[in-house]
Amino acid sequence: MDPQDLPTDPHRPYEDVMAMLVGTLFVALGVSFYTQALLLTGSTAGMAFLLQYATGWRFGVWFFLINLPFYYLAVKRMGWSFTLRTFVAIALVSLFSELTGKWVVFDSLNPLYAALMGGSLIGIGMLVLFRHRTSLGGINILALYLQARYGLRAGYVQLGIDGVIMLAAFLVLPADRVGLSVLGAVALNLIIALNHKPGRYMGVS
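Residues numbered from 1 in each chain as written. Predicted model: local features only at pLDDT ≥ 70, side-chain atom pairs only at ≥ 80, totals over all residues. Heavy atoms only, no water.

Colleague: Please provide a residue-by-residue account of the pattern of salt bridges, values included.
Modeller: Overall, the coordinates contain three salt bridges when judged by the stated rule. Between Arg 85 and Asp 16 there is a salt bridge; the shortest N-O distance is 3.5 Å. A residue pair is termed long-range when its members are at least 10 positions apart, and Arg 85 in helix α5 (residues 80-103) and Asp 16 in helix α1 (residues 13-37) qualify at 69 residues. Judged by relative accessible area, Arg 85 falls into the buried class, the value being 18%. (Salt bridge = Lys/Arg side-chain N within 4 Å of Asp/Glu carboxyl O. Helix = DSSP H or I, 4+ residues; strand = E, 2+ residues; numbered from the N terminus. Buried < 20%, exposed > 50% of the residue type's maximum accessible area, 1.4 Å probe, protein only.)

Below, the structure written as structure tokens:
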């Protein structure tokens, strides 16, 4: 997400709070689908999934810790307001992902359904957050920083890092789960690509 893609008309504070809660709850529910089905996605969330499967530590702990180094870049690239919102959103996803595992228990979960629905839920949650000038931090911020500083194309940087994450997944997950994870990532990115376009939605705070 680039700063010029962010909308310009203000939201009311209570609208931002509601959006923050709804968006992070959607993401956390998608994370629960992925965790139950042993799937993963890209960016820092993908790293958190990998580390969860490799070490047994919960997703929420890893997701919060991995994002810590990126806040400095977020301040430089996006400003304090965006960074603080992103910090709160990441903290809420970390918290809700832990709680959702206790609130929602699946007796049976089809992996294909989990990939498509989990990816869609995460994409919808991210879309809600984007529209209120908030993100889930991580690789996107790093990619934008490298583009501004060194001229590297942000899209290629993020694609390369996500590719490495998916390749590393073969070390801890069966090949079919990696393939389903790619399908889920397609669903996630389609949700964002089809709905988050400059000028389509005007509202920020």
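Colleague: I'd like to hear about the packing of helix α4 (residues 70-78) against α5, residue by residue, with values.
Modeller: Taken N-terminus to C-terminus, the directions of α4 and α5 make an angle of 145 degrees; their axes are 7 Å apart at the nearest point. For the pair α4 and α5, the sense of crossing is right-handed. Residue-level inspection shows Tyr 71, Ala 74, Val 75 and Met 78 of α4 in contact with α5, the latter providing Trp 80, Phe 82, Thr 83, Thr 86, Phe 87 and Ile 90. Classifying every residue of the contact of α4 with α5 gives eight nonpolar, two polar and no charged. (Axes fitted to C-alpha atoms, helices over the stretch in contact; angles between N-to-C directions. Left-handed = near helix turned anticlockwise from the far one by under 90°. Contact = heavy atoms within 4.5 Å. Nonpolar A, V, L, I, M, F, W, Y, C, P; charged D, E, K, R; others polar.)

Colleague: How would you sum up helix α2 (residues 43-55)? Please name residues and give values.
Modeller: The terminal C-alpha atoms of α2, which comprises 13 residues, lie 18 Å apart, in line with the 18 Å expected from a rise of 1.5 Å per residue. If you check which residues of α2 are buried, you get Ser 43, Thr 44, Ala 45, Gly 46, Ala 48, Phe 49, Leu 50, Gln 52 and Tyr 53. At the C-terminal side of α2, Gly 56 shows a positive phi close to 90 degrees. (Expected span 1.5 Å × (residues − 1).)

Colleague: Just give me the short version of the UniProt feature "transmembrane region" (unreviewed entry) in the protein chain, but keep the residues and values in it.
Modeller: The positions UniProt marks with the feature "transmembrane region" (unreviewed entry) are residues 17-37, 57-75, 87-106, 112-130, 150-172 and 178-195. The span residues 57-75 shows a helical share of 79% and a strand share of 0%, and its end C-alpha atoms are spaced 29 Å apart. With 100% helix and 0% strand, the stretch residues 178-195 has end C-alpha atoms that lie 26 Å from each other. (UniProt positions renumbered as here; feature names shortened; annotations may be inferred.)

Colleague: Describe the packing of aromatic side chains, with residues and values.
Modeller: In total, this model carries nine aromatic pairs according to the counting rule given. Arranged with centres 6.1 Å apart and planes meeting at 55 degrees, the rings of Phe 33 and Tyr 113 form a pair that is tilted. Taken as a pair, Phe 33 in helix α1 and Tyr 113 in helix α6 (residues 111-130) lie far apart in primary sequence, 80 residues in all. Assessed through its relative accessible area of 8%, Phe 33 is described here as buried. Taken together, the aromatic side chains of Tyr 34, Phe 49, Tyr 53, Phe 59 and Phe 63 make up a single cluster linked through ring pairs. (Phe/Tyr/Trp six-rings, centres within 6.5 Å; stacked < 30°, edge-to-face > 60°.)

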